[in-house]
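Listed below, chain by chain, are the residues.
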Amino acid sequence: MQGYDDNKNIYLEEVDLLQQLLLVEFQLSHYERYRQNPQPIQKINRKKPRDHKPHKLRGNRPNLNTTPPNMVSKTWKQSLDEEGYVVVDGLIRPDLLEPLREACERAIAKARKNEWPYRRLVGTQFPPWDKGDDVWGVQHVMNPDLNEPVFAQWYGSPQLMHAVCEILNVKENELQLELFNLLINPLESDYELTWHRDAISPETSDAEEIERLKIPHYGTQWNTALYDESCLLVVPRSHNRVRTAEERRITEHDPLSQQMPGQLRVHLCAGQTVFYNNNILHRAAYSKDSKRATLHACIGTTTGGHHRAENIFQHGLEWMREEKFRRTLPESMFGPYDNLIRLADQEKAKAAEAH
Ligand SMILES: O=C(O)CCC(=O)C(=O)O
Ligand SMILES: [Fe+2]
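Residues numbered from 1 in each chain as written. Chains lettered and ligands numbered in written order. Predicted model: local features only at pLDDT ≥ 70, side-chain atom pairs only at ≥ 80, totals over all residues.

J.: Help me out: how do you make sense of the sheet that holds strand 7 (residues 219-225) in this one?
T.: Within a sheet, neighbouring strands are paired by backbone hydrogen bonds and run either parallel or antiparallel to one another. Spatially, 2-10-7-12-5-4-3 is the arrangement adopted by the seven strands of the open sheet, whose pairing is antiparallel. For this open sheet the edge positions go to strand 2 (85-88) and strand 3 (119-121), each flanked by a neighbour on one side alone. Taking the axes of each pair of neighbouring strands and ignoring which way they run, one obtains an average angle of 20° across the sheet. Direction of pairing for strand 7 relative to strand 12 (residues 293-301): antiparallel, over a ladder of seven bridges. Residue W222 lies in a different strand from strand 12, and its bridge partner there is A297. Against the sheet, helix 2 (residues 76-83) engages strand 2 and strand 10 (273-276), with an angle of about 145° to strand 2. (Pairing = 2+ DSSP bridges. Helix = DSSP H or I, 4+ residues; strand = E, 2+ residues; numbered from the N terminus. Axes fitted to C-alpha atoms, helices over the stretch in contact; angles between N-to-C directions. Contact = placed C-beta atoms within 7 Å.)

J.: Help me understand the site of ligand 1, please; the structure alone is not making it clear to me.
T.: Around ligand 1, the neighbouring residues are L183, L193, D198, N223, C231, L232, H282 and A284. Going through the elements one at a time, strand 8 (229-234) and strand 11 (282-286) are the ones with two or more residues in the shell around ligand 1. Here the residues of the shell around ligand 1 are counted per class, giving five nonpolar, two polar and one charged. (Near = placed C-beta within 6 Å. Nonpolar A, V, L, I, M, F, W, Y, C, P; charged D, E, K, R; others polar.)

J.: It is not clear to me how helix 5 (residues 158-168) should be interpreted in this structure. Could you clarify?
T.: Because each turn of an α-helix spans 3.6 residues, side chains separated by three or four positions in sequence point in the same direction. Regarding helix 5, the residues found buried are L160, A163, V164, I167 and L168. The arc that holds every buried residue of helix 5, seen down its axis, measures 120°, which confines them to one face. Among the residues trailing helix 5, N169 stands out with phi positive, at a value near 55°. (Buried ≥ 20, exposed ≤ 12 C-beta atoms within 10 Å, placed from the backbone. Arc of directions from axis to C-beta.)

Written as structure tokens, this is what we have:
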């Protein structure tokens, strides 16, 4: 029995040693994962609404550094389809971050000084923006008259192209160049947008809302933060269903409500992007004291035809036809640019026929 006990002790010591080794290995692998893919530390805001916790890089590539072996990570497209939004890291190449920030500073200064006429003005949520002078958005940042080619360079950058192609499940030559604006903090007063879906008005009946929600998007839109910000609130999974009675009450009669059931604030660290379905119930709140410079853009696919045309040409894009605009584009954007001009020509011909 002595021998047994001795053996048992040896056995126990071995188990103990093995456990310690496993613990060290676990900690090392954790550290290694962190080292290879450091995540910014988030402030935890315990106040309502609940917070979106920025999650790690997701994709359809197996990412052995971040995906535990027994869990399959969802693709960005799957998350966006299911939740109505998805947060993605790393779509700004590090060497473009500072040039983008500097270009924003110049564009924002011009817009605030009324030297750039295309801007969103506090007090008005949707176009036209013709009243007021405090600015919450700068429109058409790729317009060559603004003279900031870094915006087009980023819009056509491989990181962004890769993400939108995955999300839209298309090849680059099927993309259609579209809108690119900037969302910023006002200076004189805080400002809030009401709860809304971008293209379905609050008064829409349930029956019509059901039909409108079935229309595919043929495109995607996103916010990419150049500074940490938490301006956007969403109701996850509200993008493909009719509003509940309470959501309808809020959107129609109490649109600045802080009590929207299921609301979630999206925190973005500098460099993070949120793609969101423009049918998701969302609102935004801007504080004059928190710096915001967030790139706000959309891109379509060639299959969208008239559906996309409605969305984009209302913003007046004649300047995009000019050769001087085409010259500012990176090569990756030539195809998407030609696709847009083809659509514009088709729409023009249709309008002429109708008259
Ligand atoms: O500021 C934001 O993040 C959202 C803006 C928005 O919802 C809109 O312009 O329709
Ligand atoms: Fe919106």
